[in-house]
Amino acid sequence: MASKSQSCSIWVGSETGILKGVSLSKQQAFNFCEMSCLSRDQEVCVLEWGDPLESEVLVGCANGTVKAFSTEKGIFTESKECGDATQGKFTGLAMMDGSLVTCAESGILKVWKEGCTDTIEINVGNGVCRMRQNPSRRSQVATGGKENPLKVERSISPVSNMVKNDWLDLRVPVWVRDIGFIPDSDKIVTCTGYHQMRVYDPSSPQRRPVLEAEFGEYPLTALSLPASQGTVVVGNTHGQLAVLDLRKGLVRGCLKGLAGGVRGLQCHPTLPLVASCGLDRFLRVHSLEDRSLLHKVYLKSRLNCVLLSSRNLELSGADLSGEVEEVKQEGEEDGETDEVWDAMETVTDKTNKRATEKAAEENAVKGPKKRRKVAKK
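Reading the values: rules and limits
Residues numbered from 1 in each chain as written. Predicted model: local features only at pLDDT ≥ 70, side-chain atom pairs only at ≥ 80, totals over all residues. Heavy atoms only, no water. Helix = DSSP H or I, 4+ residues; strand = E, 2+ residues; numbered from the N terminus. Buried < 20%, exposed > 50% of the residue type's maximum accessible area, 1.4 Å probe, protein only. Contact = heavy atoms within 4.5 Å. Pairing = 2+ DSSP bridges. Axes fitted to C-alpha atoms, helices over the stretch in contact; angles between N-to-C directions. Salt bridge = Lys/Arg side-chain N within 4 Å of Asp/Glu carboxyl O. 1 Å grid on protein atoms, 1.4 Å probe; cavity = no way out; pocket = protein on both sides within 12 Å on 5 of 7 lines; lining within 4 Å. Points joined across faces, edges and corners; volume = space filled by probe spheres on them. Nonpolar A, V, L, I, M, F, W, Y, C, P; charged D, E, K, R; others polar. pLDDT = per-residue confidence, 0-100. Polar contact = N/O pair within 3.5 Å; in protein donor to acceptor, adjacent residues only side chain to side chain. Patch = residues over 30% accessible without salt bridge, like charges linked within 9 Å, V, L, I, M, F, W, Y side chains within 5 Å. Areas by Shrake-Rupley, 256 points an atom, 1.4 Å probe, with all protein chains shown as cover. Phe/Tyr/Trp six-rings, centres within 6.5 Å; stacked < 30°, edge-to-face > 60°.

- An unreviewed UniProt entry lists the protein under the name WD repeat-containing protein 74, with Denticeps clupeoides given as the organism.

## Some thoughts on the environment of V141
At step 1: In this structure, V141 sits in strand β13 (residues 140-145).
At step 2: The class for V141 is buried, based on a relative accessible area of 2%.
At step 3: On a C-alpha basis, the gap between V141 and K151 in space is 8.5 Å, while along the polypeptide they are 10 residues apart.
At step 4: Residues in contact with V141, not counting those within four places in the same chain, are M96, L109, M131, R132, Q133, K151, V152, E153 and F181.

## What about the sheet that holds strand β18 (residues 196-200)?
At step 1: Spatial ordering of the open sheet is given by β16-β17-β18-β19, a layout of four strands whose pairing is antiparallel. Of all the strands in the sheet, the pair left with one neighbour each is β16 (176-181) and β19 (209-214). The mean inter-strand angle of the sheet, taken between neighbouring strand axes irrespective of direction, is 20°.
At step 2: Relative to strand β17 (residues 188-192), β16 is paired through five bridges, and the arrangement is antiparallel. By the bridge assignment for β17, D178 is matched with C191.

## Looking at the pattern of salt bridges
At step 1: What the rule picks out here adds up to 11 salt bridges.
At step 2: The partner of R263 in a salt bridge is E15, with the nearest N and O atoms 2.6 Å apart. With R263 in strand β24 (residues 262-267) and E15 in the loop between β1 (9-14) and β2 (19-23), this pair connects stretches of sequence that are 248 residues apart.
At step 3: Across the pair R171 and E147 runs a salt bridge whose closest N-O atoms are separated by 2.2 Å. Note that R171 is positioned in the loop between β15 (158-160) and β16 and E147 in the loop between β13 and β14 (148-154), a separation of 24 residues in sequence.

## Comments concerning the layout of surface pockets
The rolling of a water-molecule-sized probe over the atoms marks out the regions of remaining empty space.
At step 1: Of the pockets and cavities examined, the second largest pocket occupies roughly 340 Å³.
At step 2: Taken together, 16 residues line the second largest pocket, and the ones lying closest to its centre are E78, K80, M95, G98 and L100.
At step 3: At the level of elements, β5 (56-61), β6 (65-70) and β7 (75-81) are the ones that each hand at least two residues to the lining of the second largest pocket.
At step 4: Along the lines of polarity and charge, the residues of the lining of the second largest pocket split into seven nonpolar, three polar and six charged.

## Here we look at the confidence of the model for the protein
At step 1: Model confidence for the protein is summarised by a mean pLDDT of 82, while 77% of its residues fall at 70 or above.
At step 2: No element of the protein has a lower mean pLDDT than helix α1 (residues 2-5), which averages 36, and none a higher one than strand β20 (residues 220-224), which averages 97.
At step 3: Across residues 312-324, where pLDDT falls below 50, the model places 40 contacts with residues more than four positions away in sequence or in other chains.

## A closer look at the side chain of N31
At step 1: Take N31: it is sitting in strand β3 (residues 28-32).
At step 2: Using a relative accessible area of 6% as the deciding quantity, one classes N31 as buried.
At step 3: A polar atom in the side chain of N31 sits 3.2 Å from the side chain of K20.

## Section: a nonpolar patch on the surface
At step 1: Residues W167, L168 and L170 make up a contiguous nonpolar surface patch of about 410 Å² in total accessible area.
At step 2: For W167, the position within the fold is in the loop between β15 and β16.
At step 3: Classification of W167 by relative accessible area gives exposed; the value is 77%.

## A look at the packing of aromatic side chains
At step 1: Going through the model one piece at a time under the given rule, you end up with seven aromatic pairs.
At step 2: Seen in terms of ring centroids, F32 and F69 are 4.7 Å apart; in terms of plane orientation they differ by 55°. Their pairing is tilted. Here the residue F32 occupies a position in strand β3, and F69 occupies one in strand β6, the gap between them amounting to 37 residues.
At step 3: Ring centres 5.7 Å apart and planes at 70° place the aromatic pair W175 and Y194 in the edge-to-face group. Taken together, the residues span a long stretch of sequence, with W175 in the loop between β15 and β16 and Y194 in the loop between β17 and β18 at a distance of 19 residues.
At step 4: On the basis of relative accessible area, W175 is assigned to the buried category, the value being 19%.

## A closer look at the environment of G230
At step 1: Looking at where G230 falls in the secondary structure, it is placed in the loop between β20 and β21 (231-236).
At step 2: On the basis of relative accessibility, which here comes to 17%, the residue G230 falls in the buried class.
At step 3: Along the primary structure G230 and I182 are separated by 48 residues, whereas in three dimensions their C-alpha atoms are 8.7 Å apart.
At step 4: The contact partners of G230, leaving out residues within four places of it in the chain, are L244, D245, L246, R247 and R252.

## Brief notes about the environment of G17
At step 1: The residue G17 is located in the loop between β1 and β2 in this model.
At step 2: Along the primary structure G17 and S39 are separated by 22 residues, whereas in three dimensions their C-alpha atoms are 6.6 Å apart.
At step 3: In this structure G17 touches C33, L38, Q42, E43 and V44, once residues within four positions along its chain are discounted.

## Regarding the pairing of β2
Across a regular strand the side chains alternate sides, sitting on one face of the sheet and then on the other.
At step 1: The buried fraction of β2 is high, at five of five residues.
At step 2: As defined by bridge partners, β1 adjoins β2 across five bridges and the pair is classed as antiparallel. Bridge assignment links V12 to a residue of β2, and that residue is K20.
At step 3: Connecting β1 to the antiparallel partner β2 that follows it, the hairpin turn spans four residues, and G17 within it adopts a positive phi of roughly 90°.
At step 4: Here β2 pairs with β3 via five bridges, running antiparallel. Counterpart to S23 in the pairing with β3 is Q28.
At step 5: Here β2 folds back onto β3, and the loop between the two strands holds four residues, one of which, Q27, carries a positive phi near 60°.

Structure follows, in structure tokens:
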């Protein structure tokens, strides 16, 4: 399993605006950024492949800029202004018949046609948290957010899926955090900010979830569908990862080792692997077979999103626009840390030492007095 996982390449976007490429086989991490204009406005919000060959990565920044990064050349090849800060951060990117599709938190979904200045603009509702493209039908995307129910855009015509009232006939709040298209079916799975996992069937006339389950007590933030069908991996704000059954809604198992909220989550397209990142600044790769932690990499910045590839991270001879750092795996630093602590001199507090000596002297004086009183009695 370890040898298979080393064939993966992983791209990670950070809050500081740095695109990080991690090669587990070479034990290296590459930072790509424009140091002259590096700021929090360049925060990487979303990552997406620009072509089926995985030779280009689309980087959506918080300032409304979409950058194209060439994985073969190791440089940013193009930059395009696709919005501004007033529309909110990007919640999704997609390529549709050579056209770029963007969606922001304000609910403005735009289709940027190649070689044309005109754009198709659709308002899918305010408070969008995620936009996802159907990998089997590239012309179909889905959106959802806070008080913004799941919408499936078919040929740019929305179809809404509502949630029925609870057992008291009260309205159930909606907060879609992430979306996934179940392969070989029309069904869609979502996770919510109210720790729910829901499965929708757009072909059903009722437009309501066909399955609903809960996990934990904290908001779910990300999901991804493994290569083996029938399950979904979800993560929440307290660093909990779980594998849920899509047929019965049961918890198949949990993935341990996380210490912060999960922001990015993606399963490998063919191997039983899942990569996750979040607020604790670590990139982790788990095995979905035995749920063990295979790799744990510290990347120095708070991480927002992750993009997993099946190719090696080959950047030899490329113009690296950033620093190269060695990847630190879990357990590698333990030996160095132990040596440092062993070499340090033990320092004792003189004040505490004097107080301890004084207390010992008082006890030594009180001891004979107590014995005398006992003898007199």
